[in-house]
Amino acid sequence: MDYTKSSKKELQKEYQVIRSRYEALCSEHLSLDLTRGKPEKAQLDLSNGMYAALSGCDFQMDGIDVRNYGLLDGLPSCKRLFSDILGCRPEEIIIGGNSSLNMMYDLIAKAYTNGLMNSERPWCQEEHVKFLCPVPGYDRHFNISTSFGMECIPVPLHTDGPDMDIVEELVKDPSVKGMWCTPKYSNPDGFVYSEQVRERIANMSTAAPDFALIWDNAYAVHCFEGTLVEFPDMLGICREAGHPDRIYEFASFSKVTFAGSGIACMAASTDNLAYIRSILKFQTIGFEKVAQYLHVLFLKDKENILKHMEKHAEILRPKFQAVQSALQSELGGLNIAKWTNPKGGYFVSLYAMPGTAKRIHALCSGAGVNMTGAGATYPYGRDPEDSNLRIAPSYPELQDVVKAMEVLCVSVRLAALELLLQK
Ligand code: PLP
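Residues numbered from 1 in each chain as written. Predicted model: local features only at pLDDT ≥ 70, side-chain atom pairs only at ≥ 80, totals over all residues. Heavy atoms only, no water.

**Student:** Even after reading the chapter, I still don't get the state of the cysteines, so can you show me in this structure?
**Tutor:** Each disulfide consists of a covalent bond between the sulfur atoms of two cysteine residues. One pass over the full model with this rule turns up zero disulfides. In this structure C88 is not part of a disulfide, and its nearest cysteine sulfur, from C265, lies 7.1 Å away. (Disulfide = S-S within 2.5 Å.)

**Student:** Looking at this structure, how should I read the sheet that holds strand β12 (residues 337–339)?
**Tutor:** Taking strand neighbours across the sheet as the criterion, the three strands line up as β12-β13-β15 in an open arrangement whose pairing is antiparallel. Edge positions in the sheet fall to β12 and β15 (388–391), since each of these pairs with one other strand and no more. Going from strand to strand, the sheet's axes swing by 20° on average, the running direction of each strand aside. Taken together, the four bridges between strand β13 (residues 348–352) and β15 define a ladder with antiparallel strand orientation. Paired with S349 across the strands is R390, a residue of β15. (Pairing = 2+ DSSP bridges. Helix = DSSP H or I, 4+ residues; strand = E, 2+ residues; numbered from the N terminus. Axes fitted to C-alpha atoms, helices over the stretch in contact; angles between N-to-C directions.)

**Student:** When you look at the sheet that holds strand β5 (residues 130–135) in this model, what are you seeing that I'm missing?
**Tutor:** Sheets are built from strands that pair by backbone hydrogen bonding, the pairs being arranged parallel or antiparallel. Pairing within the open sheet is mixed, and its eight strands lie in the order β4-β11-β10-β9-β8-β5-β6-β7. With one partner strand each, in any of the chains shown, β4 (93–95) and β7 (161–162) form the two edges of the open sheet. Together, β4, β10 (247–252) and β11 (264–267) form the strand contacts of helix α10 (residues 270–283), whose direction differs from that of β4 by roughly 30°. (Contact = heavy atoms within 4.5 Å.)

**Student:** In this structure, what is going on with the packing of aromatic side chains? I would like to understand it.
**Tutor:** Pairs of aromatic rings are described using the distance from one ring centre to the other and the angle between the two planes. Tallying each qualifying case throughout the model produces eleven aromatic pairs. Their ring planes at 70° and their centres at 5.9 Å tell us that Y112 and W123 sit as a pair that is edge-to-face. Highlighted residues: Y112 in helix α5 (residues 100–113) and W123 in the loop between α5 and β5, separated in sequence by eleven residues. Residue W123 is classed as buried on the basis of its relative accessible area, which comes to 1%. Taking the centre distance of 6.0 Å and the plane angle of 25° together, the rings of Y219 and Y346 count as stacked. Placement of the pair is Y219 in the loop between β9 (212–216) and α9 (234–240) and Y346 in the loop between β12 and β13, with a sequence separation of 127 residues. Through a chain of ring-to-ring contacts, the aromatic side chains of Y105, Y112, W123, F131, F148 and W180 assemble into a single cluster. Cation over ring: K184 sits above F231, and NZ or CZ is 5.1 Å from the ring centre. Above the plane of the ring of Y351 lies K338, whose end atom (NZ or CZ) is 4.7 Å from the centre. (Phe/Tyr/Trp six-rings, centres within 6.5 Å; stacked < 30°, edge-to-face > 60°. Buried < 20%, exposed > 50% of the residue type's maximum accessible area, 1.4 Å probe, protein only. Lys NZ or Arg CZ within 6 Å of the ring centre and 35° of its normal.)

**Student:** Explain the site of the ligand to me, please; I cannot follow it from the model alone.
**Tutor:** Close contacts around the ligand come from S99, S100, L101, Y138, T182, N187, D216, A218, Y219, S252, S254 and K255, and that covers them all. Take S100: an N or O atom from its side chain is 2.7 Å from an oxygen atom of the ligand. Contact distances for the ligand include 2.7 Å between an oxygen atom and a side-chain N or O atom of S252. Considering the ligand on its own, with 400 Å² of exposed area, one finds that the protein chains cover 88% of that surface. The residue makeup of the shell around the ligand, split by class, is four nonpolar, six polar and two charged. (Near = heavy atom within 4 Å. Polar contact = N/O pair within 3.5 Å; in protein donor to acceptor, adjacent residues only side chain to side chain. Areas by Shrake-Rupley, 256 points an atom, 1.4 Å probe, with all protein chains shown as cover. Nonpolar A, V, L, I, M, F, W, Y, C, P; charged D, E, K, R; others polar.)

**Student:** Can you help me understand unusual backbone geometry in this one?
**Tutor:** Trans is the prevailing form of peptide bonds, just as negative phi is the prevailing case for residues other than glycine. Cis geometry marks the peptide bond from V135 to P136; its omega dihedral reads 0°. Relative to the elements of secondary structure, P136 occurs in the loop between β5 and α6 (139–147). Phi at L71 is positive, roughly 60°, even though this residue is not glycine. Despite not being glycine, Y185 has its phi angle at roughly 50°, a positive value. Looking at the element boundaries, Y185 is found in the loop between β8 (176–181) and α8 (195–203).

If you want it as structure tokens, here you go:
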């Protein structure tokens, strides 16, 4: 049944059916959560062995005692581990604390207080600072921008990356100081930037000399179906394009070992890193090295990390499959929604009938299913179409994902029927 081609009478009849399904679900008094992309307990348990290594270890690595002060920008062995994954050189890496998001915030904060290496002045002295935000995107990126008072400029994200015709035009404005990118298994669509888009990003001419490409490679090794998409080193691509200082790449082990208790890194040109270190030295004597040490002992190298990620994939795959089969069986053919089918990352993006996302969110809440707020995937929480919803199936148990998806799909249908019947 195509809802958009059905008569009022057919829609009325369907409305009664779906309304009673919704009421039956409400009477189950559910309490389910599809909000944030968190690993479930079994995924966290995969890394318990990391702390088991603590008993009997000697805390010595790279010629130092990791329990003591020293090494502002991290253990060389830990840099090698990240460089193995990202493809850049170990000397192009700074190891930070537990969170890549915190390192991104810190970079922007430094841009405001000190300026970046090629800035004419600190960004706090600029009249206007704008940042490009491919949408839909990661709400916490946009929140960093808005917390500093930047203007967020939404740019459509296609299956192969941001709309580069638009980006290349916008960067002619010197107040456009950077762009947020999640290039692999993007949050929330799960899209992978194509080689052509990556080349255009590296090669484009920006009016701002200190344009900061925030290359958040949060899902560098996070494939749950098929073969991992491999990216060549983006630092090298920017260098070859003549823009070595443009890129700041981030990654972390949050969703490899323990979420929020992993290790994070920033990769950038050696000149950029020398500049960052010259400010960082006032901020800390050094980040937590015992955790870096344990991660190196436990994860060893890229090959071993990929084996470890296969265990994550086995836990995640059935949940993502449950999401796809619910969407297909409940919404397929109704012509009221489309959705993405990612092979990695932590999210699925649902595009409901324009004008219904907020209503769907409310209906889900009414039936005890908590979804990320409608609009959260857009700067200022404003989805101009009121259409996009982010599905995060990793944390609940499989049977709860199945139930929550039923509630979501029934809500998508009900909201569409309400809208169509109003017309
Ligand atoms: N970047 C993206 C795109 C994310 O989706 C997330 C978490 O969901 C993060 C960063 C957070 O990473 P971290 O735990 O390293 O701060």
